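Structural overview for review
Okay, here's what each chain looks like letter by letter:
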Amino acid sequence: MGHLNPPPVRDAGDGLATARLRLRRFMLDDLSLLVELNADERVMRHLGGVQTQEQTRALLDNRILAYYAANPGLGIWATMLRGSGECIGFHMLNNIQGESLIQVGYRLLPRYWGQGYATEMSIALLRYGYTQLVLSSLCAIAEPANDASRHVLLKSGLHERGERSFPHPAYAKVPAFVYFERAAQDWLNEHPGTES
Ligand SMILES: CC(C)(COP(=O)(O)OP(=O)(O)OC[C@H]1O[C@@H](n2cnc3c(N)ncnc32)[C@H](O)[C@@H]1OP(=O)(O)O)[C@@H](O)C(=O)NCCC(=O)NCCS
């Protein structure tokens, strides 16, 4: 049963794993996968709308690949099914753009929705952030109408803390986000085991 509780990793991109999922770093070869994700209206509905191939290439270059070296332990990683190796989208633990706040987030291909995958890896990333990276607080943001994501964040143990807006141009299309946060000690007290 050892596979249910894999050993901790120093960097989530080195294979942070749950019972069903594993993370890996993105590579340049993953562009087509990210283009598919970011061109899907269902995926991007609450994220400012679909993105062109050029916009996704910029995301891959700047916010994903260059970010790994500049911010060890943090990033946006491909989320894989451990059984088949299929990539189902991504999870992230990185700074809200223009801010020092560290957020958890996710973006999954619709054919993989509704199976608990977003929540499962979010819980693992929160535990990793609080324990491996020793971050005292973690947060998340969701557009108010994004009910599924708000539900995932609550299920992951974050608490709603009102609304916030952020001046970075990346958030220009969303006037206000629901802001979620939890202090390390509070979250760890509620999640003492390794349920993910
Ligand atoms: C948000 C998203 C990641 C959810 O992924 P997922 O793997 O289906 O999530 P989970 O299965 O872990 O949990 C979804 C929960 O939301 C619930 N849910 C789904 N749609 C919902 C809706 N429209 N309203 C309320 N709850 C909803 C599900 O029932 C489930 O809760 P339950 O386990 O208590 O039944 C996925 O929809 C997605 O990628 N969306 C597009 C990108 C995005 O919006 N990312 C978040 C940006 S803040």
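Whatever comes next refers back to the structure up there.
Below is a summary of the structure that appears in this document.

Rules behind the numbers
Residues numbered from 1 in each chain as written. Predicted model: local features only at pLDDT ≥ 70, side-chain atom pairs only at ≥ 80, totals over all residues. Helix = DSSP H or I, 4+ residues; strand = E, 2+ residues; numbered from the N terminus. Buried ≥ 20, exposed ≤ 12 C-beta atoms within 10 Å, placed from the backbone. Near = placed C-beta within 6 Å. Nonpolar A, V, L, I, M, F, W, Y, C, P; charged D, E, K, R; others polar. Arc of directions from axis to C-beta. Contact = placed C-beta atoms within 7 Å. Axes fitted to C-alpha atoms, helices over the stretch in contact; angles between N-to-C directions. Parallel < 35°, antiparallel > 145°, perpendicular 65-115°, else oblique. Left-handed = near helix turned anticlockwise from the far one by under 90°.

**A look at unusual backbone geometry**
Backbone geometry at V134 places phi at a positive 55 degrees, although glycine is not the residue there. Relative to the elements of secondary structure, V134 occurs in the loop between α4 (117–131) and β5 (137–142). The exposed category is assigned to V134, around which 8 C-beta atoms lie within 10 Å.

**Here we look at the site of the ligand**
As a structural note, the neighbourhood of the ligand is formed by 21 residues, with W113, A118, T119, D147 and A148 the closest of them. Among the secondary structure elements, those contributing two or more residues to the shell around the ligand are β4 (102–108), α4 and α5 (147–155). Here the shell around the ligand takes five residues from α5, the largest share from any one element. In the shell around the ligand, the residues fall into ten nonpolar, nine polar and two charged.

**Here's the deal with α5**
Of the positions making up α5, those classed as buried are S149, V152 and L153. The buried residues of α5 occupy an angular sector of 95 degrees when the element is viewed end-on, so they sit on one face. Exposed residues pointing more than 90 degrees away from the buried face of α5 are listed as D147 and A148. If you follow the buried residues of α5, they end up packed against α4, β5 and β7 (177–183). Positioned one or two residues after α5, G157 has a phi angle of 100 degrees, which is positive.

**Let's talk about the packing of helix α1 (residues 31–38) against helix α3 (residues 53–70)**
Between α1 and α3, the shortest axis-to-axis distance is 9 Å and the interhelical angle comes to 120 degrees. Relative to α3, the element α1 is oriented oblique. Considering only the axes of α1 and α3, their crossing is right-handed. Across the interface between the two elements, L31, L34, V35 and N38 of α1 pack against Q53, T56, R57, L59 and L60 of α3. Classifying every residue of the contact of α1 with α3 by side-chain character gives five nonpolar, three polar and one charged.

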